[in-house]
Protein chains: 2
Amino acid sequence: MEINIDIIKNKLVESRLKVTPQRMAILEAIYSLDNHPIADDIIDYIKIKHPNIATGTVYKVLGVLIENKIINKVNTERGVSRYDGIMDSHHHLYCSKSDLIKDYFDEELDKILKNYFEKKKIPDFNIESIAIQLKGRFNE
Amino acid sequence: MEINIDIIKNKLVESRLKVTPQRMAILEAIYSLDNHPIADDIIDYIKIKHPNIATGTVYKVLGVLIENKIINKVNTERGVSRYDGIMDSHHHLYCSKSDLIKDYFDEELDKILKNYFEKKKIPDFNIESIAIQLKGRFNE
DNA sequence: ACTTAAATAAGAATTATTCTCTTTTAAGAG
DNA sequence: CTCTTAAAAGAGAATAATTCTTATTTAAGT
Ligand SMILES: [Mn+2]
Ligand SMILES: [Mn+2]
Ligand SMILES: [Zn+2]
Ligand SMILES: [Zn+2]
């Protein structure tokens, strides 16, 4: 994934957010870490370069990034939030045996769904987004 | 939804689980409460008839019911677990403004998806289940 | 360099959930 | 019906993730 420092900086500037070392580090962590990290993964990652970062700051920043649509939360069925730096429309493959979550891009599928729900309206409900969660086993 | 006491009892017996007042009450609560209740909703509901139920028991029972595939957890992006008594294949409509989650049944859609993924295999991944989360606004 | 609103640090507080240990009970056997 | 026992429940402490509060620091514009 893009770990270009200027691209990261731009995301903050575009949202009129102050560019702080903490925000930069947290965003860089999210883009570098795979498997949709939890807050603690991010804390561990940034501690190397930023040993004095406060836990509360990480949660605060994550909240700000979500509000500004720079990152997303990933839905899970357990009570630890996971974060996702990919904002392009995509879906997720959940391993039923581990906590692995892989990204799944499929424009054809998106088209089929868009088409389907344009025809078949759901009564009293206006769709804003569609997320598919595929649960299963990864080979190897 | 079915709030028949014998049907509830049967679900426990079929899974070779002891039939206890607590388990009966918790299952009855899940079937009676709408909107995919959290543990605390269930606790509030059953307190009327079972004022001395322990919080830990509720969590324990919910875990047992999930293990035995009598209920399910619902995926959300926040750290409070929600429970679902409907085990028939269905999807969920998430309100983007409130915590409302409605069930969505659509056999036609299920067929389309089943068909789609039978043709288009995902490399190194065996699908066990497909869950769609539609996020949007409810009218009224 | 100065100013100031915004961000961070530190640690306490809160909340959901789990764990440990003791007591109670469901359900099968006799 | 009683007896037995493994399983379940109760009580409350412990844990873990997240949020809140307040003082201090800092980014960025003037
Ligand atoms: Mn860690
Ligand atoms: Mn309550
Ligand atoms: Zn993703
Ligand atoms: Zn449901």
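Small disclaimer: the values here were computed from a predicted structure and weren't measured.

A.B. asks: Describe the coordination of the manganese ion (ligand 2), and please don't skip the residues or the numbers.
C.D. replies: Residue and element names in this part refer to chain B. In the first shell of the manganese ion (ligand 2), the protein supplies D40 (OD) and D44 (OD), at 2.1 to 2.4 Å from the metal. Taken as a pair, D40 and D44 lie in helix α3 (residues 39-47) at a separation of 4 residues, close to a single helical turn. When its relative accessible area of 41% is taken as the criterion, D40 is described as partly exposed.

A.B. asks: If you had to explain the layout of surface pockets to someone new, which residues and values would you point to?
C.D. replies: In this structure, the second largest pocket encloses a volume near 1300 Å³. Taken together, 45 residues make up the lining of the second largest pocket; nearest its centre are E77 and K135 of chain A together with N72, K73 and N75 of chain B. Looking at the lining of the second largest pocket, the elements with two or more residues in it are β3 (91-95) and β5 (125-138) of chain A together with α4 (55-67), β1 (72-74), β3 (91-95) and β5 (125-138) of chain B. Broken down by element, the residue count for the lining of the second largest pocket peaks at 6 residues, all from β5 of chain B. A class-by-class count of the residues in the lining of the second largest pocket yields 17 nonpolar, 15 polar and 13 charged.

A.B. asks: Hey, could you go over the sheet that holds β5 of chain B for me, with residue numbers and the actual values?
C.D. replies: Pairing is mixed across the open sheet formed by 6 strands, whose spatial order is β4(A)-β3(A)-β5(A)-β5(B)-β3(B)-β4(B). For this open sheet the edge positions go to β4 (101-104) of chain A together with β4 (101-104) of chain B, each flanked by a neighbour on one side alone. Between one strand axis and the next, the sheet turns through 30° on average, direction left out of account. As judged from the 4 bridges shared by β3 of chain A and β5 of chain A, these two strands associate in the parallel manner. Its bridge partner being in β5 of chain A, L93 of chain A is matched across the sheet by L134 of chain A. Most of the contacts of helix α5 (residues 107-119) of chain A go to β5 of chain A, to which it runs at about 140°, and overall it touches β3, β4 and β5 of chain A together with β4 and β5 of chain B. Docked against the sheet, helix α5 (residues 107-119) of chain B engages β4 and β5 of chain A together with β3, β4 and β5 of chain B, running at close to 140° with respect to β5 of chain B.

A.B. asks: So what's going on with the coordination of the zinc ion (ligand 4)? Residues and values would help.
C.D. replies: Residues and elements named next belong to chain B. Within the protein, the zinc ion (ligand 4) binds to H36 (NE2), D84 (OD), H90 (NE2), H92 (NE2) and D103 (OD); these donor distances fall in the range 1.9 to 2.5 Å. Within one chain, the residues donating to the zinc ion (ligand 4) are spaced in sequence as H-x47-D-x5-H-x1-H-x10-D. Highlighted residues: H36 in the loop between α2 (21-32) and α3 and H92 in strand β3, separated in sequence by 56 residues. With relative accessibility at 7%, the residue H36 sits in the buried group.

A.B. asks: I'd like a description of the environment of L65 of chain A, backed by residues and values.
C.D. replies: All names here are of chain A. Relative to the helices and strands, L65 is located in helix α4 (residues 55-67). As for L65 and Q133, which are separated by 68 residues in sequence, their C-alpha atoms are 23 Å apart. When sequence neighbours within four positions are dropped, the list of residues in contact with L65 reads L12, I26, L27, I70 and I71.

What counts as what
- Per chain, the residues get numbers from 1 upward, laid out in the order the sequence is written.
- Labels are handed out in written order, letters beginning with A for the chains and numbers beginning with 1 for the ligands.
- Reporting in this predicted model follows two pLDDT cut-offs: at least 70 for local features of residues, and 80 or more for side-chain atom pairs to be given and counted; totals over whole chains, interfaces and linings ignore these cut-offs and use all residues.
- Working from all heavy atoms in the structure, the side-chain values ignore hydrogens and water.
- Donor atoms: N, O and S within 2.8 Å of the metal, or within 3.2 Å for Na, K and Ca. Because water is excluded, sites can look incomplete.
- Numbered from the N terminus, helices here are DSSP runs of H or I no shorter than four residues, and strands are runs of E no shorter than two.
- A simple rule labels every residue: compare its accessible area, found with a 1.4 Å probe on the protein chains alone, to the largest value its type can have, and call it buried under 20%, exposed over 50%, or partly exposed in between.
- In this analysis the probe radius is 1.4 Å and the grid spacing 1 Å, with only protein atoms considered; a cavity is a set of points the probe fits into but cannot get out of, a pocket is an open set with protein on both sides within 12 Å along at least five of seven lines, and lining residues have an atom within 4 Å of a point.
- Grid points are joined across faces, edges and corners, and a volume is the space filled by probe spheres set on the points.
- Note on residue categories: nonpolar means Ala, Val, Leu, Ile, Met, Phe, Trp, Tyr, Cys or Pro, charged means Asp, Glu, Lys or Arg, and polar means any other residue, Gly included.
- When DSSP finds at least two bridges between two strands, those strands are taken to pair.
- Interaxial angle, 0 to 180 degrees, is taken between N-to-C directions of lines fitted to C-alpha atoms, where a helix line uses only the stretch in contact.
- In what follows, a contact means two residues having at least one pair of non-hydrogen atoms within 4.5 Å.

Purely spatial values, then, with no claim about function.
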